[in-house]
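In case you want the letters, here they are:
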Amino acid sequence: MPARILRLLALLQSRREWSSAELAERLGVTRRTVRRDIDRLRALDYPVVGTTGTAGGYRLASGERLPPLVLTDDEAVAVAVGLVRASGSAVTGISESSMRALAKLERMLPTRLRPRLAALAETSTAVERGEQTSVDAGVMAVLAGCARDREIVSFDYRDRHDTPSARRVEPHSLVTVHELWYLLAFDPDRADWRTFRVDRIERPTRTHRSCPSRRLPAPDAASYLKSSFATASYRYTARMVVRLPAETVRAGVFGPIPGEIREDGAERCVVRLSAESPELVTQYVAVVAALGGEFTLDTCEEIASRLRRLGNRFAG
């Protein structure tokens, strides 16, 4: 295909909808030329549909077959990185599919990108975790689609106490934290934001009803979840008073923790850790203890027993 039509296809694939004026401006052509190029794509079986409105526009709809994607160099390498990571993820059934897709991508890559992918393959390893909570790829697809299209989604949910409920929410985004997937959504019935463990969601259904664009009470989804986890209490909790500055402890702990680190004077801080998994709480207590400061620990016998098996530092 001519280069301009390839650029047009890449634009249509990058966003849900474009006005004809926007496409003409991006491509440096007239709207009439855009219409002709759209007709050429349709002749090649790309399902481009027109949209109504004051200016009119176009979007790439779902067809009966998957058309070729147009990726930039950086996008192609980013997809390859994602496929390597997905091969060891907690999404059920995605590992083998990821490897097949990676093999296809490698065959189609231009020569200039092969060294970058080769370096990726040589230095990356997907390690399968010992214990994982898996999520269904179909469930993820429905939730992601509804979040992207700002469409209300309904589903059955079981909370941490295994209590069932029927939910109908306005999805915002999917976020992964500590190898678990969460749906962040606004719940109109409760007039507040809620987070849902994706592995506890069953039978998600698209309602085909649009929802308003709401502003999160945080800079982004990851920040909201981090703040939510910091104040939440789960089945296993540990509280540490550490003789180190709070900034020293924050710098020594990689990534978001399942809890919070609070200053308690210039040279002391309080670390509160809480999670449904005793392994996770034990892991972070051990990380904080390894920073070298003196500490006192208040936790349950389950966590204390696990820590005693790690060595003399927790013998008391």
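Scroll up for the structure.
What this report covers is the structure whose coordinates are included nearby. (Residues numbered from 1 in each chain as written. Predicted model: local features only at pLDDT ≥ 70, side-chain atom pairs only at ≥ 80, totals over all residues. Heavy atoms only, no water.)

Take the packing of aromatic side chains next. Per the counting criterion, the structure on display carries four aromatic pairs. Here the aromatic rings of Phe-155 and Tyr-157 are separated by 6.3 Å at their centres, their planes lie at 70°, and the arrangement is edge-to-face. Like Phe-155, the residue Tyr-157 is buried in the burial classification. Relative to Phe-196, the ring of Tyr-157 lies with its centre 5.1 Å away and its plane at 85°, an arrangement referred to as edge-to-face. One end of the pair, Tyr-157, is in strand E6 (residues 151-158); the other, Phe-196, is in strand E9 (residues 192-197), with 39 residues separating them in the sequence. Of the two residues, Tyr-157 and Phe-196, neither departs from the other in class, the shared state being buried. An aromatic cluster is present here, built from Phe-155, Tyr-157 and Phe-196 joined pairwise through their rings. The ring of Phe-186 has Arg-214 lying over it, and the distance from NZ or CZ to the ring centre is 3.9 Å. (Phe/Tyr/Trp six-rings, centres within 6.5 Å; stacked < 30°, edge-to-face > 60°. Buried < 20%, exposed > 50% of the residue type's maximum accessible area, 1.4 Å probe, protein only. Helix = DSSP H or I, 4+ residues; strand = E, 2+ residues; numbered from the N terminus. Lys NZ or Arg CZ within 6 Å of the ring centre and 35° of its normal.)

The strand order across the open sheet built from four strands is E12-E13-E11-E14, with neighbouring strands paired in antiparallel fashion. The sheet is open, and its two edges are formed by strand E12 (259-263) and strand E14 (295-299), each paired on a single side. Going from strand to strand, the sheet's axes swing by 15° on average, the running direction of each strand aside. As paired strands, E12 and strand E13 (residues 269-275) are joined by five bridges and run antiparallel to one another. Residue pairing for E13: Gly-259 is matched across the bridge by Leu-273. Against the sheet, helix H10 (residues 278-289) contacts strand E11 (236-242), E13 and E14, and its axis sits at roughly 10° relative to E11. (Pairing = 2+ DSSP bridges. Axes fitted to C-alpha atoms, helices over the stretch in contact; angles between N-to-C directions. Contact = heavy atoms within 4.5 Å.)

Another aspect to go through is a positive patch on the surface. A contiguous patch of positive charge on the surface is contributed by Arg-31, Arg-32, Arg-35 and Arg-36. Following the sequence through the fold, Arg-35 ends up in helix H3 (residues 31-43). The class of Arg-35 is partly exposed, set by a relative accessible area of 44%. (Patch = residues over 30% accessible without salt bridge, like charges linked within 9 Å, V, L, I, M, F, W, Y side chains within 5 Å. Areas by Shrake-Rupley, 256 points an atom, 1.4 Å probe, with all protein chains shown as cover. Salt bridge = Lys/Arg side-chain N within 4 Å of Asp/Glu carboxyl O. Lys, Arg positive; Asp, Glu negative; His and termini not counted. Charge placed at Lys NZ, Arg CZ, Asp CG, Glu CD.)

The strand order across the open sheet built from three strands is E1-E3-E2, with neighbouring strands paired in antiparallel fashion. Both outer strands of the open sheet, strand E1 (18-19) and strand E2 (48-51), are each paired with one neighbouring strand and no more. Sheet analysis places E1 next to strand E3 (residues 57-60), joined by two bridges and oriented antiparallel. Bridge pairing in E3 places Trp-18 opposite Tyr-58. This element, helix H1 (residues 3-14), spans E1, E2 and E3 of the sheet and lies at about 80° to E3.

Considering the arrangement of structural elements, one finds Arg-272 in strand E13. We note that Arg-272 is buried and unpaired, the nearest opposite charge coming from Glu-260 at a distance of 4.7 Å. Among the polar contacts listed, one links the side chain of Arg-272 to the side chain of Ser-233, at a separation of 2.5 Å. The contacts of Arg-272, once residues within four sequence positions are left out, are Ala-230, Thr-231, Ala-232, Ser-233, Ala-238, Pro-258, Gly-259 and Glu-260. (Polar contact = N/O pair within 3.5 Å; in protein donor to acceptor, adjacent residues only side chain to side chain.)

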